[in-house]
Amino acid sequence: MKDLKASGLDAPSFYLPGDFNMNKNILEMKNITKVFPGVKALNNVNFHVVSGEIHALVGENGAGKSTLMNVLSGIYSHGQYTGEIIFQGKECIFKDIKDSEKMGIVIIHQELAMVPYLSIGENIFLGNERAKAGIINWDSTHVESEKFLKRVGLKEDTHTLIKDIGVGKQQLVEIAKALSKNVKLLILDEPTAALNEEDSENLLKLLMEMKKDGITSILISHKLNEVLKVADSVTVLCDGSTIETLKKGDSLISEDRIIKGMVGRELVDRYPKHVSKKGEVYFEVKDWNVYHPFIDGKKIIKDVNIKVHRGEIVGISGLMGSGRTEFALSVFGKAYGRNISGSILKEGKKLQIKNIRHAIKNGLAYVTEDRKTAGLILMQDIKNNISLPSLDKVSKQNVISENEEIKVAENYRKNLNIKSPSVFQKVCNLSGGNQQKVVLGKWIFSDPDVLILDEPTRGIDVGAKYEIYTIINNLADQGKSIIFISSELPEVLGVCDRIYVMNEGRIVGELDRKDASQESIMKCIIRYS
Amino acid sequence: METIKSGKSNPMRKEKVLIIILNNLVGFLKNNIGKYAMLIALGLIIIFFQIRTEGRLLLPMNVTNLILQNGYVLILAIGMVLCILSGGNIDLSVGAVCAFIGGVTGTLIVNMKMDMVSAIIIALLIGAAIGAWQGFWIAYVRIPSFIVTLAGMLIFRGLNTYWLKGLTLSPFPKKFQQISAGFIPDIFSGFELDLNVTALMAGFVIALIYTGLQIKKRLDRKKQNLKCPMIFLFVIKLMLVVAVIMGFSYLLAQHKGIPIVLVIIGTLILIYHFFTLKTVPGRYIYAMGGNEKAAKLSGINTNKVLFLTYVNMGVLASIAGIVFTSRLNAASPQAGVNFELDAIAACFIGGASAYGGVGTVVGAIIGALVMGVLNNGMSISNVDSAIQMAVKGFVLLMAVAFDVLSKKKLSQ
Ligand SMILES: Nc1ncnc2c1ncn2[C@@H]1O[C@H](COP(=O)(O)OP(=O)(O)OP(=O)(O)O)[C@@H](O)[C@H]1O
Ligand SMILES: [Mg+2]
């Protein structure tokens, strides 16, 4: 009797999974601590998510956002961290990702994880095949994936291979895959980092729609404007601890407010003030034409002419897929394309660049947009990555001086503020933003005259972005010519002295800083497409 | 004065120091278990066979034989680990190339009576040419190494058998046999001792140089304020290595001294250890194996690196072929069967990653020694050769499984 009474008293906090009301926490993570060798990634983190909301998780690079979500989704199994996870009122101990998926927690990682040579349908049911007795039922696979594609609003044949659709659509397929697993809590780790405006917009809309269906989501993003657009609450993580949770409706919640929570101080300007000391014309690309490497007769870059002055930051703006990366790569030692024609001039002299080695020797550097697959040797340490393109600077007669190498790397680790215990840390153990800084350091060390930056702030937090802009400005002040490729219009407008607009492999506009605005850039693109 | 006093008057101090040392030791072992695991395993295997063979494994004669009989695996493993580093590429043709080079030297020396040095130079050039042939298809045409070298295995085995008409060429002149059967002459042989003093002296000098280099490295690191392991651990490690070097040279001294093969192998190990860790081309191989696309975009001509890796493999295979032919004192169509498997196994036992970018020359050597000790230990204890094969297979699997598991543990 006594027992019953006691439990009766507790009744309000005692409920069955499933019948929640909207204000209940679907997830409570309590005192989560996770230590890597040499790094305390999470320190007593508390994180609560209300059922049915979109909850944004923000914080600087390396704050521990991805790690926290990896703990939640069972990637780090119980025992590798300490603390409690309570999901739908029950304490959960996940041994692996399968366990958490069974409960309806699905994570979509910072890097998409799909099989490029399998079809959309196959990818949706990968690991969860529509099969009886081990024999796959292809009809039901495709019929059912069709249904999920409809829900995410993607009009593609389910037989299309993943490699043949763009990143935006791939992202939607990932969400369709999550839906197929009967998702209750969807975790998205920087889903829009690699998407263009339109695709990002679609994705966010989809999140709002899923919210109506009662699906809770956690959104990790460095794009605070979209966080404000969709999130009901925002939790700020800093150095592995929860700083605060802001709720919508609080008058406090604004971009500046969030930034203050993240970096611990007010960030007055998003872009450092900078007046370029523009010199004479330094670098020119003339009548540049490039053909597709495999498809015969397909022209990718068409009659491009650009010039950059000494000390000038020139932006190349455009939509994703407009050919900017291809252009940059083809200039950088013919790293892309076939039948390349046109000329490259430095200080009015024609350069003969046959390969990437030549390009580097001639003072060119290209910071890739895709740091994991093209920028870094992930299994090696910071030091080896930074010295790689310029080993001749730390070696004599081909013998590397390790001391010299360490000194150089340590220097960049400090100046670029790379968060890691030492330069001997393997790059794969760094957070996304810090990896980007390593790529940047690597190319700054090669001491180029012309630095081509391709989406250099992708996946980077506001504070670090500011640092990177400052670094870029300093390089320009040293008299280097900078080509800055970015899909984020505000950034291009904030950083560049002059902007070329590219569309479908053509330069469709050239704007001076004072004439440039989001509208004028978009106008150029629309006029020519 | 005071510090000494307070140290004595406080008995807690000593315990604390002990605890710190113990903690350090445990931490060190934990962090380096992957690095030293195979060395420890090698030690355990040696102890096991030492007991099993009632002490015969480490008899001076058997230790010398261990080097002589397994010299070829050690040489091949060095070349193979470079191929594996460059991106998980392997070379299945090395056994056939060894036999082919045997045939070449046999023809040149036994049939054509050519002088030894010219014959060896020609053999090495042919080895390089074979490497270039395979490297061309692998690096420039981008046919998977597995397929190119499988073809190479058939091609060179077939050509050699055809060339020798299925017969064995022999005998070689004494001088050529000396490559594998010879020893460094004892300069101190005047003494009435049953010991080869040269071998002892060599061991001593090597131990001295090693100690000097280690101390210099430590001081260098200290000067730059880099973290070093505790002095206590440093000394233990140093003493262990010195003890092994001295013990080994003592064993050699009790038999016939330093085999010439050991000098060849030692030189190769030194050169390639230095090459992989300290030189620019060495770094390129690691970079390419780690991420070829990133390496390319950093200005590395990855095709050339891959090509040269195979040329190098061809040369090393030809050195191994010469050593082996000299030991057999014959060029035979059946020579070198399964050599490639021993060499590949040695690399993986030694911690190389099958995807490339991870591994060391020293690791491969340790792996090759594991294979060698297994070979000899089992032969001495009269294990059936069929069972020997099965055991080696099992050890390979366990070694790699252990490696994979210990790395997984570390990364979490
Ligand atoms: N496997 C690992 N080994 C060692 N350290 C790690 C490992 N994974 C992450 N870390 C460290 O833990 C910290 C948190 O990393 P995490 O990836 O969670 O950051 P993040 O908030 O997601 O950053 P970003 O916005 O850059 O993606 C970083 O300092 C990182 O270097
Ligand atoms: Mg992250």
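All of these numbers come straight from a predicted model, not from anything done at the bench. (Residues numbered from 1 in each chain as written. Chains lettered and ligands numbered in written order. Predicted model: local features only at pLDDT ≥ 70, side-chain atom pairs only at ≥ 80, totals over all residues. Heavy atoms only, no water.)

Enquirer: Sorry, what's going on with the overall build of chain A here?
Expert: Helix and strand counts for chain A come out as 18 helices and 24 strands. Expected size for 529 residues packed as a compact globule is a radius of gyration near 24 Å; at 25 Å, chain A falls within 12% of this value. Its C-alpha atoms give chain A principal-axis dimensions of about 95 × 55 × 50 Å. Considering only contacts in chain A between residues 6 or more positions apart, those separated by 24 or more positions represent 67%. Here chain A contributes 72 positive and 69 negative side-chain charges, whose respective centroids are spaced 2 Å apart. (Helix = DSSP H or I, 4+ residues; strand = E, 2+ residues; numbered from the N terminus. Rg over C-alpha atoms; globule rule 2.2 N^0.38 Å. Contact = heavy atoms within 4.5 Å. Lys, Arg positive; Asp, Glu negative; His and termini not counted. Charge placed at Lys NZ, Arg CZ, Asp CG, Glu CD.)

Enquirer: I would appreciate a short explanation of the side chain of A:Ser486 in the present structure.
Expert: Residues and elements named next belong to chain A. Residue position: Ser-486 is located in the loop between β22 (481-485) and α17 (489-495). Accessibility expressed as a relative area gives 1% for Ser-486, which makes it buried. Only 3.0 Å separates the side chain of Ser-486 from the backbone nitrogen of Glu-488, close enough to count as a polar contact. With residues near it in sequence (within four places) discarded, Ser-486 still touches Ile-316, Ser-317, Gly-318, Arg-324, Glu-455, Glu-491 and Val-492. (Buried < 20%, exposed > 50% of the residue type's maximum accessible area, 1.4 Å probe, protein only. Polar contact = N/O pair within 3.5 Å; in protein donor to acceptor, adjacent residues only side chain to side chain.)

Enquirer: In this structure, what is going on with the domain arrangement of chain A? I would like to understand it.
Expert: Where the parts come together, the accessible area they lose is often given as the size of the interface. Residue and element names in this part refer to chain A. As far as domains go, chain A holds domain 1 (1-104 + 184-196 + 216-268), domain 2 (113-183), domain 3 (269-363 + 448-529) and domain 4 (375-447). Each partner contributes residues to the interface: domain 1 has ten residues there, and domain 2 has nine residues. When domain 1 packs against domain 2, close to 710 Å² is buried across both sides, 64% of that on carbon and sulfur atoms. Per-residue buried area on domain 1 facing domain 2 is highest for Glu-101, Leu-186 and Leu-195; these three make up 49% of the total on that side. One can count one salt bridge joining domain 1 with domain 2. Between Glu-101 and Lys-181 there is a salt bridge, and its shortest N-O distance comes to 3.1 Å. Summed over the shared surface of domain 1 and domain 2, the result is two residue pairs in polar contact (both at pLDDT 80 or more). With three residues, strand β9 (residues 185-189) is the largest single contributor of residues to the side of domain 1 that touches domain 2. By residue class, the composition of the side of domain 1 that touches domain 2 is six nonpolar, one polar and three charged. (Domains from an automatic or database assignment. Buried area = accessible area lost by both parts, 1.4 Å probe. Salt bridge = Lys/Arg side-chain N within 4 Å of Asp/Glu carboxyl O. Nonpolar A, V, L, I, M, F, W, Y, C, P; charged D, E, K, R; others polar.)

Enquirer: Sorry, what's going on with the site of ligand 1 here?
Expert: Taken together, the neighbourhood of ligand 1 is formed by 20 residues, with A:Gly62, A:Lys65, A:Ser66, A:Thr67 and A:His222 sitting nearest. Residues within reach of ligand 1 are spread across chains A and B. Protein coverage of the free-state accessible area of ligand 1, which is 640 Å², stands at 92%. Of all the secondary-structure elements, those providing two or more residues to the shell around ligand 1 are β2 (39-50), α2 (65-72) and α15 (432-445) of chain A. With three residues, the single largest contributor to the shell around ligand 1 is α2(A). Per-class residue counts for the shell around ligand 1 are five nonpolar, twelve polar and three charged. (Near = heavy atom within 4 Å. Areas by Shrake-Rupley, 256 points an atom, 1.4 Å probe, with all protein chains shown as cover.)

Enquirer: Where do I start with the sheet that holds strand β23 (residues 498-503) of chain A in this structure?
Expert: The strands making up a sheet are joined through hydrogen bonds of the backbone, oriented either antiparallel or parallel. Residue and element names in this part refer to chain A. Read from one edge of the open sheet, six strands run β18-β21-β22-β15-β23-β24, paired in mixed fashion. If you trace the sheet from one side to the other, it starts and ends with β18 (364-367) and β24 (506-512), each paired once. Going from strand to strand, the sheet's axes swing by 20° on average, the running direction of each strand aside. Sheet topology places strand β15 (residues 313-317) next to β22; four bridges connect them, and they run parallel. (Pairing = 2+ DSSP bridges. Axes fitted to C-alpha atoms, helices over the stretch in contact; angles between N-to-C directions.)

Enquirer: So what exactly am I meant to see when it comes to the interface of chain B and chain A here?
Expert: Contact residues are listed per partner, giving 30 residues for chain B and 35 residues for chain A. Carbon and sulfur atoms supply 57% of the area that chain B and chain A bury against each other, a total of about 2500 Å² over both sides. Viewed at the interface, chain A and chain B are joined by two salt bridges. The residue B:Arg283 makes a salt bridge to A:Glu405 at a minimum N-O spacing of 2.5 Å. Our count for the chain B to chain A interface comes out at eleven residue pairs in polar contact (both at pLDDT 80 or more). Looking at the side of chain B that touches chain A, the elements with two or more residues in it are α8 (197-223), α10 (260-278), α11 (280-290) and α12 (292-297) of chain B. Top element by residues in the side of chain B that touches chain A is α11(B). It accounts for eight residues. Its residues assigned to classes, the side of chain B that touches chain A shows 13 nonpolar, eleven polar and six charged.

Enquirer: I'm lost on the packing of α15(A) against helix α16 (residues 462-477) of chain A in this one. Help?
Expert: All names here are of chain A. Close contact between α15 and α16 brings their axes to 12 Å; oriented N to C, the two are set at 10°. Comparing the axis directions of α15 and α16 gives the class roughly parallel. In this structure, α15 uses Lys-437, Leu-440 and Ile-444 to contact α16, whose residues at the interface are Ala-464, Glu-467, Ile-468, Ile-471 and Leu-475. Per-class residue counts for the contact of α15 with α16 are six nonpolar, no polar and two charged. (Parallel < 35°, antiparallel > 145°, perpendicular 65-115°, else oblique.)

Enquirer: Mind showing me how you'd approach the packing of α11(B) against helix α13 (residues 302-328) of chain B here?
Expert: A pair of packed helices is characterised by two quantities: the angle between their axes and the separation of those axes. Residue and element names in this part refer to chain B. The geometry of α11 relative to α13 is characterised by a closest axis approach of 10 Å and an angle of 110° between their N-to-C directions. On the basis of their axis angle, the class for α11 and α13 is roughly perpendicular. As α11 packs across α13, the resulting crossing turns out to be left-handed. Between α11, through Tyr-284, Ile-285 and Met-288, and α13, the contact on the second element is made entirely by Thr-302, Val-305, Leu-306 and Thr-309. Tallied by class, the residues present in the contact of α11 with α13 amount to five nonpolar, two polar and no charged. (Left-handed = near helix turned anticlockwise from the far one by under 90°.)

Enquirer: Would you mind showing me how to read the pairing of strand β1 (residues 25-36) of chain A here?
Expert: Consecutive side chains of a regular strand alternate in pointing toward one face of the sheet and then the other. Residues and elements named next belong to chain A. Counted residue by residue, β1 has nine buried out of twelve residues, so it is predominantly covered. Of the strand pairs in this sheet, β1 and β2 are connected by eight bridges, and their pairing is antiparallel. Its bridge partner being in β2, Val-35 is matched across the sheet by Lys-40. Hairpin connection from β1 to β2: two residues lie between these consecutive antiparallel strands, with Gly-38 at a positive phi of about 85°. The pairing of β1 with strand β4 (residues 82-87) spans five bridges and is classified as antiparallel. Paired with Thr-33 across the bridge in β4 is Thr-82.

Enquirer: Just checking my understanding: could you explain the pairing of strand β16 (residues 338-346) of chain A for this structure?
Expert: Residues and elements named next belong to chain A. Pairing analysis gives six bridges linking strand β13 (residues 281-291) to β16, with the strands arranged antiparallel. Bridging across to β16, Val-285 finds its partner in Ile-344. Relative to strand β17 (residues 349-351), β16 is paired through three bridges, and the arrangement is antiparallel. By the bridge assignment, Lys-346 is partnered in β17 with Lys-349. The turn joining β16 and β17, which pair antiparallel and follow one another in sequence, is formed by two residues; a positive phi near 50° is taken by Glu-347.

Enquirer: Mind showing me how you'd approach the sheet that holds β9(A) here?
Expert: Residue and element names in this part refer to chain A. The strand order across the open sheet built from six strands is β6-β9-β10-β3-β11-β12, with neighbouring strands paired in mixed fashion. Taken across any chain shown, the strands that pair with only one partner, and hence form the sheet edges, are β6 (105-108) and β12 (241-247). This sheet shows a mean twist of 20° between the axes of neighbouring strands, independent of strand direction. As paired strands, strand β3 (residues 54-59) and strand β11 (residues 233-238) are joined by five bridges and run parallel to one another.

Enquirer: What is the right way to look at the nonpolar core in this model?
Expert: As a rule of thumb, nonpolar side chains are buried together in soluble globular proteins. Ranked by internal contacts, the top residues of the largest apolar core, which has 163 residues, are A:Phe283, A:Trp288, A:Phe327, A:Phe332, A:Ile483 and B:Leu76. Mapped onto the domain boundaries, this core takes at least three residues apiece from domain 3 (269-363 + 448-529) and domain 4 (375-447) of chain A. Not counting residues within four places of it along the chain, the set of residues in contact with A:Phe283 comprises A:Ile306, A:Lys307, A:Val308, A:Val331, A:Ile344, A:Leu345, A:Lys346, A:Leu364, A:Val450 and A:Ile483. The next biggest cluster of nonpolar side chains, apart from the first, holds 30 residues, and it includes A:Val106, A:Ile120, A:Val152 and A:Ile165. (Core = buried A, V, L, I, M, F, W, Y, C linked by side-chain atoms within 4.5 Å.)

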